[in-house]
Amino acid sequence: MPLLAIESSCDETAVAIYGKSSSSDNNSLLASLISSQIELHKDLGGVVPELASRNHTQRISPLVAEALEKAGLSAQEIDAFAATGGPGLASSLTVGHSFAKGLALAAKKPFLSVNHMEGHLLSPFVGEEQIPPHLALIVSGGHTLLIRVRSVGDYQLLGQTLDDAAGEAFDKVAKMLELPYPGGPEIEKLAKTGDPTAFDFPRSMLNEDNLDFSFSGLKTSVLYTLKKLPNPRERLPDLCASFQAAVFEVLIAKALRAARREKLSLITLSGGVSCNATLREQLSAACHEEGLTFRSSPPSLSTDNAAMIAFAAYHRLRAGQTSSLSTDIDPNLKLA
Ligand code: KG4
Ligand code: ZN
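Rules used in this analysis
Residues numbered from 1 in each chain as written. Chains lettered and ligands numbered in written order. Predicted model: local features only at pLDDT ≥ 70, side-chain atom pairs only at ≥ 80, totals over all residues. Heavy atoms only, no water. Pairing = 2+ DSSP bridges. Helix = DSSP H or I, 4+ residues; strand = E, 2+ residues; numbered from the N terminus. Axes fitted to C-alpha atoms, helices over the stretch in contact; angles between N-to-C directions. Contact = heavy atoms within 4.5 Å. Parallel < 35°, antiparallel > 145°, perpendicular 65-115°, else oblique. Left-handed = near helix turned anticlockwise from the far one by under 90°. Patch = residues over 30% accessible without salt bridge, like charges linked within 9 Å, V, L, I, M, F, W, Y side chains within 5 Å. Areas by Shrake-Rupley, 256 points an atom, 1.4 Å probe, with all protein chains shown as cover. Salt bridge = Lys/Arg side-chain N within 4 Å of Asp/Glu carboxyl O.

Draft legend 1. Just the sheet that holds strand β5 (residues 111-115), in detail. What the 5 strands build is an open sheet, ordered β3-β2-β1-β4-β5; its pairing is mixed. The outermost strands of the open sheet, each flanked by one partner alone, are β3 (27-36) and β5. The average angle at which neighbouring strand axes cross in this sheet is 20°, direction not considered. As defined by bridge partners, strand β1 (residues 3-7) adjoins strand β4 (residues 80-86) across 4 bridges and the pair is classed as parallel. Each residue of the ladder has a partner; that of Ile 6, found in β4, is Ala 83. Here helix α10 (residues 307-318) sits on the sheet and contacts β1, β2 (12-20), β3, β4 and β5; the angle it forms with β1, its principal contact strand, is near 130°.

Okay, structure coming up:
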């Protein structure tokens, strides 16, 4: 049952094929290609929507052809076509969504419109048939979510950010520090040689009895600290390490609180910020201490990719769900 999925919600054009290979009975990734636009947007300090969508349009056809070739399949051998339907940039989403619908129409096969956040949510389980109940912490550029997962499609939102997403805070602070886009990996690199206790940045909402987050005060605090420092460039590692520590302390505390409250013994971590090795290590250690199991998506499936979209579509299709060819994209699509 090979299934082809397209992801084009922001600045990565990605195509993946998920199914059984000729040498195995288990489903796996037969192809997973990502064409990044980072170089295109780097000098502009962030993603420019019109440039992004035009670039998706250019890259999508050759990337689909390359994925089929890599999997050793023709378009006629694909049993379903999927694409990210939201959330994301409308003009970017439209490209992959329309392209996948066109492929489904031509091949007379089902189409599935997939929630990008469901892709992230399920990414720690790619290759598996069963999704166990768990507490999911999703930390991306646009979202910071705590979700109770009962089964595929049965999600309960427990907490979320009230302002900036965790990844967005990384990107904005990186911009203040004049680091290249995207900021997350740059901050992680510098933080490695810095002292996380050098600056006492605020842990917003840490002690409030809820599961929500707020990162905009932290961002402002970094800005004020920067303005007061005589030579901020000399303190970059300490600033990055201290900022990171403030973000991670709240993420970890609230994820553990949510798992305890909901009596869940498995915590998963996904989304672009989960590439950060310090966050993985700290959350893994905290889970271990509490006797909880920890799982995270592999770094290659943490930032935007089509493999997670194909995997989510596979589970939806298995449950008998498909989308109509008239399904529209939704830039603000909610997961729960
Ligand atoms: O999931 P993702 O690729 O895209 C969205 O759906 O938003 O997440 C991108 C976000 C960006 O904000 C980026 O700065 C952040 O993930 N990120 C990181 C790291 N790698 C990517 N944040 C912290 N540390 C990293 N190593
Ligand atoms: Zn994403």
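Draft legend 2. Just the packing of helix α7 (residues 216-228) against helix α8 (residues 236-262), in detail. Contact pair α7 / α8: the axes reach a minimum separation of 11 Å and the direction vectors enclose 160°. Considered as vectors, α7 and α8 are oriented roughly antiparallel to each other. Two packed elements cross with a definite hand, and for α7 against α8 that hand is right-handed. Contacts between α7 and α8 involve Leu 218, Val 222, Thr 225 and Leu 226 from the first element and Leu 239, Phe 243, Ala 246 and Val 247 from the second.

Draft legend 3. Expanded view of a nonpolar patch on the surface. A contiguous nonpolar surface patch, about 290 Å² in accessible area, is contributed by Leu 40, Leu 44, Val 48 and Leu 51. Take Leu 51: it is sitting in helix α2 (residues 49-71).

Draft legend 4. Representation of the sheet that holds strand β9 (residues 266-270) in the model. Taken in spatial order, the 5 strands of this open sheet run β8-β7-β6-β9-β10, and their pairing is mixed. With one partner strand each, in any of the chains shown, β8 (154-160) and β10 (293-296) form the two edges of the open sheet. For this sheet, the mean inter-axis angle between neighbouring strands, taken without regard to orientation, is 25°. The strands touched by α8 within the sheet are β6 (134-139), β7 (144-151), β8 and β9, with β6 carrying the most contacts at an inclination of about 155°.

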